[in-house]
2 protein chains.
Amino acid sequence: MRTFEDFTVETVLPLAPYDVTREAIVAFAAEFDPQPFHVDDEAAAATMLGGLAASGWHSCAMMMRMMFDGFLRDSTSQGSPGVDFVRWLKPVRPDDRLTGTATVLSARRSASRPALGIAKLRAEVANQRGETVMDSEYTLLLLTRDGIGQPSSGVVADATGGAV
Amino acid sequence: MRTFEDFTVETVLPLAPYDVTREAIVAFAAEFDPQPFHVDDEAAAATMLGGLAASGWHSCAMMMRMMFDGFLRDSTSQGSPGVDFVRWLKPVRPDDRLTGTATVLSARRSASRPALGIAKLRAEVANQRGETVMDSEYTLLLLTRDGIGQPSSGVVADATGGAV
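1. Considering the overall build of chain A
Okay, so step 1: Regarding its fold elements, chain A presents four helices and six strands.
Okay, so step 2: Mapped from its N terminus to its C terminus, chain A presents α and β elements in the order β-α-α-α-α-β-β-β-β-β.
Okay, so step 3: Counting only C-alpha atoms and orienting by the principal axes, one finds that chain A spans roughly 55 × 30 × 20 Å.
Okay, so step 4: A buried classification covers 50% of the 164 residues belonging to chain A.
Okay, so step 5: Long-range contacts, defined as pairs at least 24 residues apart, comprise 72% of the intrachain contacts of chain A with a sequence gap of at least 6.

2. With respect to the relation of the copies chain B and chain A
Okay, so step 1: With an RMSD of 0.0 Å, the operation that places chain B on chain A is a rotation of 180° combined with a shift of 0.0 Å along the axis. Considering both components of the superposition, the chain copies are consistent with a two-fold axis. Proximity to the rotation axis, assessed at the C-alpha, singles out Phe85(B) in chain B; its C-alpha lies 2.4 Å from the axis.

3. Digging into the interface of chain B and chain A
Okay, so step 1: If you look at the interface, chain B gives 39 residues, while chain A gives 39 residues.
Okay, so step 2: Among the elements of the structure, helix 4 (56–72), strand 2 (77–79) and strand 3 (82–88) of chain B are those that each provide at least two residues to the side of chain B that touches chain A.
Okay, so step 3: A total of eight residues in the side of chain B that touches chain A trace back to one element, the largest contributor, which is helix 4 of chain B.
Okay, so step 4: In the side of chain B that touches chain A, the residues fall into 19 nonpolar, 15 polar and five charged.
Okay, so step 5: Sheet topology places strand 3 (residues 82–88) of chain A next to strand 3 of chain B; four bridges connect them, and they run antiparallel. When the bridges of strand 3 of chain B are listed, Val83(A) appears paired with Val86(B).

4. So, the nonpolar core
Okay, so step 1: Ranked by size, the top nonpolar core spans 95 residues in total, and within it Met63(A), Met67(A), Met63(B) and Met67(B) carry the most contacts.
Okay, so step 2: For Met63(A), the contacting residues outside a window of four places in its chain are Gly100(A), Ala123(A), Val125(A) and Met134(A).

5. Describing unusual backbone geometry
Residue and element names in this part refer to chain B.
Okay, so step 1: The backbone of Glu-10 shows a phi angle near 80°, a positive value even though the residue is not glycine.
Okay, so step 2: Look at Glu-10 and you get exposed, because 8 C-beta atoms sit within 10 Å.
Okay, so step 3: Phi is positive for Asp-95, which is not a glycine, with a value near 70°.
Okay, so step 4: Locating Asp-95 in the fold gives a position in the loop between strand 3 and strand 4 (97–109).

6. Remarks on the environment of Arg122(A)
All names here are of chain A.
Okay, so step 1: Within the secondary structure, Arg-122 sits in strand 5 (residues 116–126).
Okay, so step 2: For Arg-122, a count of 16 C-beta atoms within 10 Å translates into the label partly exposed.
Okay, so step 3: On a C-alpha basis, the gap between Arg-122 and Thr-132 in space is 13 Å, while along the polypeptide they are 10 residues apart.
Okay, so step 4: For Arg-122, the residues in contact, after removing those within four places along its chain, are Ala-102, Thr-103, Leu-105 and Glu-137.

7. Brief notes about the pairing of strand 6 (residues 132–143) of chain B
Residues and elements named next belong to chain B.
Okay, so step 1: In terms of burial, strand 6 is a largely internal element, nine of the 12 residues being buried.
Okay, so step 2: In the sheet, strand 3 pairs with strand 6 via five bridges, with the strands oriented antiparallel. Each residue of the ladder has a partner; that of Val-83, found in strand 6, is Tyr-138.
Okay, so step 3: Across 11 bridges, strand 5 (residues 116–126) lies against strand 6 in antiparallel orientation. Opposite Ala-126, over in strand 6, you have Thr-132 as the bridge partner.
Okay, so step 4: In sequence, strand 5 turns back onto strand 6 through a hairpin of five residues, with Gly-130 there showing a positive phi of about 80°.

8. What about the environment of Leu98(A)?
Residues and elements named next belong to chain A.
Okay, so step 1: Residue position: Leu-98 is located in strand 4 (residues 97–109).
Okay, so step 2: With 83 residues separating them in the primary sequence, Leu-98 and Leu-15 have C-alpha atoms 9.0 Å apart.
Okay, so step 3: Aside from chain neighbours lying at most four places away, what touches Leu-98 is Pro-17, Tyr-18, Val-20, Met-62, Met-66, Val-125 and Asn-127.

9. Description of the confidence of the model for chain A
Residues and elements named next belong to chain A.
Okay, so step 1: Scored by pLDDT, chain A comes out at a mean of 92, with 91% of its residues at no less than 70.
Okay, so step 2: Segment residues 157–164 is flagged for pLDDT under 50; beyond a separation of four residues in sequence, or across chains, it makes 33 contacts in the model.
Okay, so step 3: Across the whole predicted complex the pTM is 0.93, and at the interface the ipTM reaches 0.93.

10. A word on the pairing of strand 4 of chain B
Residues and elements named next belong to chain B.
Okay, so step 1: Alignment of strand 1 (residues 12–19) against strand 4, held across six bridges, turns out to be antiparallel. The residue of strand 4 that forms the bridge with Pro-14 is Thr-101.
Okay, so step 2: The pairing of strand 4 with strand 5 spans 10 bridges and is classified as antiparallel. Each bridged residue has a counterpart across the sheet, and for Val-104 the counterpart in strand 5 is Leu-121.
Okay, so step 3: Here strand 4 folds back onto strand 5 in antiparallel fashion, the turn holding six residues.

Analysis parameters
Each chain has its residues counted from 1, following the order in which its sequence is written. Each chain is given a letter, starting from A, and each ligand a number, starting from 1, according to the order in which they appear as written. Local features are withheld for residues below a pLDDT of 70 in this predicted model, meaning they are given only at 70 or higher, and side-chain atom pairs are given and counted only at 80 or more; totals for whole chains, interfaces and linings count all residues. Here a strand is any run of E in DSSP of at least two residues, a helix any run of H or I of at least four, and the numbering for each starts at the N terminus. The burial criterion counts other C-beta atoms lying within 10 Å of a residue's C-beta, which is placed from the backbone; the residue is buried at 20 or more, exposed at 12 or fewer, and partly exposed between these limits. By the convention adopted here, residues are in contact when the distance between their C-beta atoms, placed from the backbone, does not exceed 7 Å. What sets the superposition is a least-squares fit of C-alpha atoms, and only residues with pLDDT of at least 70 in both copies go into it. As a working rule, the residues Ala, Val, Leu, Ile, Met, Phe, Trp, Tyr, Cys and Pro are called nonpolar, Asp, Glu, Lys and Arg charged, and the rest polar, with Gly in that last group. We treat two strands as partners when DSSP finds at least two bridges between them. When buried Ala, Val, Leu, Ile, Met, Phe, Trp, Tyr and Cys residues are joined through C-beta atoms within 7 Å, the set is termed a nonpolar core. How sure the predictor is of each residue is captured by pLDDT, a score from 0 to 100.

Below, the structure written as structure tokens:
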């Protein structure tokens, strides 16, 4: 079980590889972001994206799965209060294979709740050509080793702007 | 057709209402973010979230749909190069009805490509109790009226950090 203590500054965590399919791009976009460049090849070819590309929110969702499979599955993660930024740098295309890393930028215990740790991570995602397609920073909350099994509810006053 | 010229500073745009279901929360999380508090009622009750809650990325995807239905469907949107921040302020629960607004914070023409406009929007989402559940700022690219029908491809050098 990975706990807050494992998220020391400069630790680099692997994101699990993720294979992008045309079907998944169109299905996600049809539900959440049906702009022409996310659902229609011909319309997409005539836009700045130059062809069908995943919704940026789909890319974020895929990155989340890559983090879950890469290092969150067996962790004391308590979720996130928010994201400092996301940059969609290159289109994510059908048949891309995404890989990436998350790097711990900072880590501290919550002042109001010492059994909880607050880590800031930078997550970068690249495609099979080595191009960075997405860059982001976000806050991750994790129980400390002492915090495992403790009743855990309520707001963390000093987590960046969030209730979780 | 809503073009860049319609996104003047302080314009407030409606987000379409969105009904959240338990099935959708669990389905999204099973695919992209299967942390216990997003997929399992009992496990979720024992966490800081105090019960099943949507993945933050699911909330973002729902917000995207609310923006699409609210004001992007008939627009010259060319997508977004990124997000300045997202704050997940309150859990999004099964049976929540989400509403919201997007406010234009700034709007300028691209220096490298005058037929393209770059707007910064703040999008806020609330639940049926009037609680703000999510706050965010992001950049939206839109063709100007002159830009409609112009061949549109290639990088916009001065859009915030992005290729689109």
